[in-house]
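Descriptive structure summary
Here's the letter readout for the chains.
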Amino acid sequence: MGMTIAFQGSLLDDGDGVGPLTKIERKSLDRGAWVDSLPGWLHGADDLFTRLAERVPWQAERRRMYDSVVEVPRLLSFYGEGAPLPDPLLATARTALEAHYQERLPTAGLCFYRDGRDSVAWHGDNTGRGAREDTLVAIVSVGAPRPLLLRPRGGGETLRFPVGHGDLLVMGGSCQRTWEHAIPKTTRPVGPRISIQFRPRGVR
Ligand SMILES: O=C(O)CCC(=O)C(=O)O
Ligand SMILES: [Fe+2]
């Protein structure tokens, strides 16, 4: 906690930085899952969007689906353990999250949703130990908001969290095993959004 206060002070000077995580709100979901959310957590989010859009080596990926090869409907970039993050503000965000949750979050996955045709289908981040253990996935969003949807695996009410412009959303507990999340496609005109997912070792 002392750490949180220390870097807040040092970052307020130039407008960039993160707010106090003490204001985060937890919503308990059933089956041992929870979601923490803090809108507008990251200051300077719009400039960060511009920097990331320009500087990150974005990749279009193709995946095999049955007999055909399909383009993944978003651009991706992955910063594995030890890889320097593409922006100092992301390093600040990670340090704050690690201090708050008392857990190392050494990998960062970045997704670029260019427009409403880009999306991510229903899934849990349960490759690796997320398949069996409780995990934490912290998502920082910059650019235009898109709804992140959450629903219990096997059916149930869908929850909707609009995320963009510096919002923080953290999925925890059993969330990756017992719930699924998605960013649905939309035909409405929407601006581009970049999502940064911080994860513990062995979670993907
Ligand atoms: O764009 C997001 O915030 C979600 C991305 C996601 O679920 C994933 O990459 O696993
Ligand atoms: Fe995910």
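Residues numbered from 1 in each chain as written. Chains lettered and ligands numbered in written order. Predicted model: local features only at pLDDT ≥ 70, side-chain atom pairs only at ≥ 80, totals over all residues.

In the annotation of an unreviewed UniProt entry, the protein is listed under the name Alkylated DNA repair dioxygenase AlkB and assigned to Actinokineospora iranica.

The strand order β2-β3-β12-β9-β14-β7-β6-β5 describes an open sheet built from eight strands, whose pairing is antiparallel. Whereas interior strands pair on both sides, the edge strands pair on one side only; in this sheet they are β2 (25-28) and β5 (59-65). Taking each pair of neighbouring strands and ignoring which way they run, the sheet shows an average axis angle of 25°. Packing of helix α2 (residues 45-55) onto the sheet brings it into contact with β9 (137-143) and β14 (193-199), and relative to β9 it is tilted by some 90°. (Pairing = 2+ DSSP bridges. Helix = DSSP H or I, 4+ residues; strand = E, 2+ residues; numbered from the N terminus. Axes fitted to C-alpha atoms, helices over the stretch in contact; angles between N-to-C directions. Contact = placed C-beta atoms within 7 Å.)

With seven of seven residues buried, β9 is to be regarded as a mostly interior element. Looking at chain direction, β9 and strand β12 (residues 168-173) are connected through four bridges and run antiparallel. For Val 140, the partnering residue across the bridge sits in β12 and is Leu 168. Summarising the sheet, β9 and β14 pair through six bridges and their orientation is antiparallel. Bridge pairing in β14 links Val 140 to Ile 196. (Buried ≥ 20, exposed ≤ 12 C-beta atoms within 10 Å, placed from the backbone.)

This brings us to the environment of Arg 132. In this structure, Arg 132 sits in the loop between β8 (120-123) and β9. The exposed category is assigned to Arg 132, around which 9 C-beta atoms lie within 10 Å. Along the backbone, Arg 132 and Ser 174 are 42 residues apart, and their C-alpha atoms lie at a distance of 8.7 Å.

Gly 109, Cys 111, Val 120, Asp 125, Ile 139, Leu 148, His 181, Ile 183, Ser 195 and Gln 197 make up every residue found near ligand 1. Only β7 (107-113), β13 (179-183) and β14 provide two or more residues apiece to the shell around ligand 1. (Near = placed C-beta within 6 Å.)

A general trend in soluble globular proteins is that nonpolar side chains are found buried together. Counting 44 residues, the largest nonpolar core has Ala 93, Ala 138, Leu 169, Ile 194 and Ile 196 as its most contacted members. Once residues lying within four places of it in the same chain are set aside, the contact partners of Ile 194 are Phe 49, Leu 52, Ala 53, Leu 110, Cys 111, Phe 112, Val 142 and Gly 143. (Core = buried A, V, L, I, M, F, W, Y, C linked by C-beta atoms within 7 Å.)

Here we take up the confidence of the model for the protein. Do not read the predicted coordinates in detail wherever pLDDT is low. Residues of the protein with pLDDT of at least 70 account for 93%, and the chain-wide mean is 92. Low pLDDT, under 50, characterises residues 1-13; the predicted model gives this stretch 15 contacts beyond four residues in sequence or across chains. In the model output, the complex is listed with pTM 0.92 alongside ipTM 0.99. (pLDDT = per-residue confidence, 0-100.)

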